[in-house]
Amino acid sequence: KIVVIGSYVVDLMSRAPHLPKPGETVLGGPFKMGPGGKGGNQATAAVRCGSNVTFVTRLGDDVFGREALEHFRRERVNTQYIKHDKDEATGAALISVDQQSENSIVVALGACGKISEGDVLEAEAEIKEADIVLLQLETSIEAVVASVRLSAKHGVPVILNPAPFQKFSKEILKDVSYITPNETEAHELTGVEVIDEHSALIAAKKLYELGVKNVIITLGKQGAFLYTGGEKGKLIPGFTVDAIDTTGAGDAFNGGFAHAVASGKSITDAMIFGNCVAALSVTKIGTAPAMPIKTEIDEFLKH
Ligand code: ADP
């Protein structure tokens, strides 16, 4: 059983010949819309792997919020702790993509930026029973800190995906069992430029010294690097696939990894599983809709 506490935003995406300059309007298309946000994507990935998932977030009282609720119900995510905020709009990501697949994105967190300590405390019964609590930084730091504290109180392991990077009190890291930055976030957290296994080890040691027992740095198609103390770490190589759209790869990895850890797999096996879920997700367009289902994962791992 997994509790995900974090963001939901609707992805509003359009392709254009080039990204608009300040003051410019560019005619583009087609327009695509779909569920997104790191919390929602990771919840979707984990539930599709077969986990029992509760998602704690806030939605606005608007058409996007209603669509979101329908998405999570369809996916069989427990929506009991999703709040409807009367004063805020549902989060939205305004995504422009050019012909080279370069993008520029404005994320308006809206309601999901307002998840409060009170919202987290209301979900205490679920958190207490969870095998894993999965967090990101795409909401208020207040909600993240409250989630870490409450999980620690009940001895529930926390995975913190520190994305997107925001400043927070490093003091919470002693109560984080697994931290999963990508290269950029690892750089922002430690000041070490991470590009490969070697630099990942230097950054991982710094995070380990802050109190996280299991440091996992995702390295794009190279895979993910694990450090759990001592001299060396190890690279768990990624799977080779035809990548079409790598947005949401990190979310797929985290959802898959959380599912595998919650199912009792070893960290190494859980990382292989996370790499597999992420590799399958990059073969499809979109974020939440691109998450693979259990039968696809089983089939892929057989070969
Ligand atoms: P983010 O999406 O947060 O930038 P990464 O780029 O590090 O994160 O990707 C997360 C994980 O997704 C990687 O550890 C790897 O398992 C998988 N992945 C990413 N890109 C590819 C790719 N092109 N081919 C196969 N797997 C990939």
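Preceding this section is the structure that the text describes.
A short tour of the structure in this document, coming up. (Residues numbered from 1 in each chain as written. Predicted model: local features only at pLDDT ≥ 70, side-chain atom pairs only at ≥ 80, totals over all residues.)

Re the sheet that holds strand β2 (residues 9-15)
Selection rule: Note on pairing: DSSP must find at least two bridges between two strands before they are called paired. Elements are defined by DSSP. Helices are runs of H or I of four residues or more, strands are runs of E of two residues or more, and each kind is numbered from the N terminus. Each axis is a line fitted through C-alpha atoms, and for a helix only the stretch in contact is used; angles between axes span 0 to 180 degrees, taken between their N-to-C directions.
The four strands lie next to each other as β3-β2-β6-β7, forming an open sheet whose pairing is mixed. In the strand order of this sheet, the two ends are held by β3 (31-36) and β7 (103-108), each with one partner. Taken pair by pair, the neighbouring strands of this sheet meet at an average axis angle of 20°, ignoring direction. Note: β2 against β3, six bridges, orientation antiparallel.

A word on unusual backbone geometry
Stated precisely, the cut-off is as follows: Burial is judged by counting other C-beta atoms within 10 Å of a residue's own C-beta: 20 or more means buried, 12 or fewer means exposed, and anything between counts as partly exposed, with every C-beta placed from the backbone.
Following glycine 29, the chain continues to proline 30 via a peptide bond in cis, the omega torsion being -5°. On the secondary structure map, proline 30 appears in the loop between β2 and β3. In this model, arginine 76 sits at a positive phi of 65°, which is unusual for a non-glycine residue. Along the chain, arginine 76 falls in the loop between α2 (63-74) and β5 (82-85). Of the residues examined, arginine 76 has 11 C-beta atoms within 10 Å and is grouped as exposed.

Some words on the environment of phenylalanine 31
If you trace the backbone, phenylalanine 31 turns up in strand β3. The spacing of phenylalanine 31 and glycine 286 is 255 residues in sequence and 12 Å in space, taken between C-alpha atoms.

So, the site of the ligand
Quick reminder of the rule: We call a residue near a molecule or strand when the C-beta position, derived from backbone atoms, sits within 6 Å of it. Nonpolar residues are Ala, Val, Leu, Ile, Met, Phe, Trp, Tyr, Cys and Pro. Charged residues are Asp, Glu, Lys and Arg, and all others, Gly as well, are polar.
Within the structure, the ligand sits among 19 residues, and Thr218, Lys221, Ala249, Gly250 and Ala278 are positioned closest to it. Mapped onto the shell around the ligand, the elements with two or more residues apiece are β12 (223-227), α8 (249-262) and α9 (267-281). Class assignment for the residues of the shell around the ligand results in ten nonpolar, eight polar and one charged.

Topic: the pairing of strand β1 (residues 2-5)
Residues of β1 alternate between two faces, with Ile2 and Val4 on one and Val3 and Ile5 on the opposite face, all of them buried. Pairing analysis gives four bridges linking β1 to strand β4 (residues 53-60), with the strands arranged parallel. Counted as the bridge partner of valine 4 is phenylalanine 55 from β4. When β1 meets strand β8 (residues 132-136), the two strands line up parallel, connected through four bridges. In the sheet register, isoleucine 2 faces β8, and the bridge partner there is isoleucine 132.

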